[in-house]
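Residue-level listing of the chains:
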Amino acid sequence: IDAARRRDTPAFLDLDRTFHLGLLARAGNARIVDVVDQVLDHLRLARFAEEHDALVPVAEGHGAILTTR
């Protein structure tokens, strides 16, 4: 959440990628990890290029996922 609050988009997107790919890797399907990795490249360019205000809600959602059992 710190990177999101600082509006450090490059750091946030790196952490976001690590979060999503790490979750997917736990499922053991390397193909889906590769596909999502490519999708995240596209999202990096399209969604977050100008939208700093979207970072905090996304980061908070990640925290909620990690604390859910």
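Let me sum up the structure you'll find in this document. No experiment lies behind these values; they were computed from the predicted model shown.

### Thoughts on the environment of A54
Piece 1. With respect to the helices, strands and loops of the structure, A54 is situated in the loop between α3 (30–46) and α4 (55–67).
Piece 2. Accessibility expressed as a relative area gives 14% for A54, which makes it buried.
Piece 3. When the C-alpha positions of A54 and R7 are compared, they lie 9.4 Å apart, and in sequence the two are 47 residues distant.

### So, the environment of R6
Piece 1. Residue placement: R6 occurs in the loop between α1 (2–5) and α2 (9–25).
Piece 2. Judged by relative accessible area, which is 54%, R6 ranks as exposed.
Piece 3. C-alpha of R6 to C-alpha of V56: the two residues are 50 residues apart in sequence and 9.3 Å apart in space.

### Looking at the packing of α2 against α4
Piece 1. Two numbers describe how α2 lies on α4: the axes approach to 11 Å, and their chain directions differ by 30°. In this view, α2 runs roughly parallel relative to α4, as classed from their interaxial angle. The crossing of α2 and α4 is left-handed. Taken together, the residues of α4 that come into contact with α2 (itself represented by T9, F12, D16, F19, H20 and L23) are L55, V58, A59, H62, I65 and L66.
Piece 2. Residues of the contact of α2 with α4, tallied by class, amount to eight nonpolar, three polar and one charged.

### Let's talk about the nonpolar core
Piece 1. In terms of nonpolar packing, the biggest core is built from seven residues, these being A3, A4, F12, L13, L55, V58 and A59.
Piece 2. Listed by contribution, the elements that provide at least two residues to this core are α1, α2 and α4.
Piece 3. Element by element, the count of residues in this core is highest for α4, at three residues.

### A short note on α2
Piece 1. With 17 residues, α2 extends 24 Å from end C-alpha to end C-alpha; this agrees with the ideal 24 Å at 1.5 Å per step.
Piece 2. Where α2 is concerned, the buried positions are T9, F12, L13, D16, R17, F19 and L21.

### Some details on a nonpolar patch on the surface
Piece 1. There is a patch of nonpolar side chains on the surface, built from L23, I65 and L66 and spanning about 280 Å² of accessible area.
Piece 2. For L66, a relative accessible area of 59% corresponds to the exposed category.

### Regarding the pattern of salt bridges
Piece 1. With the rule as written, the count across this model stands at three salt bridges.
Piece 2. Measuring nitrogen to oxygen at the nearest pair gives 3.5 Å for the salt bridge that ties R6 to D8.
Piece 3. Among the salt bridges present, the one from R17 reaches D37, with a minimum N-O distance of 2.1 Å. With a gap of 20 residues between them, R17 in helix α2 and D37 in helix α3 connect regions that are remote in the sequence.

Rules behind the numbers
- Residues numbered from 1 in each chain as written.
- Predicted model: local features only at pLDDT ≥ 70, side-chain atom pairs only at ≥ 80, totals over all residues.
- Heavy atoms only, no water.
- Helix = DSSP H or I, 4+ residues; strand = E, 2+ residues; numbered from the N terminus.
- Buried < 20%, exposed > 50% of the residue type's maximum accessible area, 1.4 Å probe, protein only.
- Axes fitted to C-alpha atoms, helices over the stretch in contact; angles between N-to-C directions.
- Parallel < 35°, antiparallel > 145°, perpendicular 65-115°, else oblique.
- Left-handed = near helix turned anticlockwise from the far one by under 90°.
- Contact = heavy atoms within 4.5 Å.
- Nonpolar A, V, L, I, M, F, W, Y, C, P; charged D, E, K, R; others polar.
- Core = buried A, V, L, I, M, F, W, Y, C linked by side-chain atoms within 4.5 Å.
- Expected span 1.5 Å × (residues − 1).
- Patch = residues over 30% accessible without salt bridge, like charges linked within 9 Å, V, L, I, M, F, W, Y side chains within 5 Å.
- Areas by Shrake-Rupley, 256 points an atom, 1.4 Å probe, with all protein chains shown as cover.
- Salt bridge = Lys/Arg side-chain N within 4 Å of Asp/Glu carboxyl O.

Any link to function would need more than the numbers given here.
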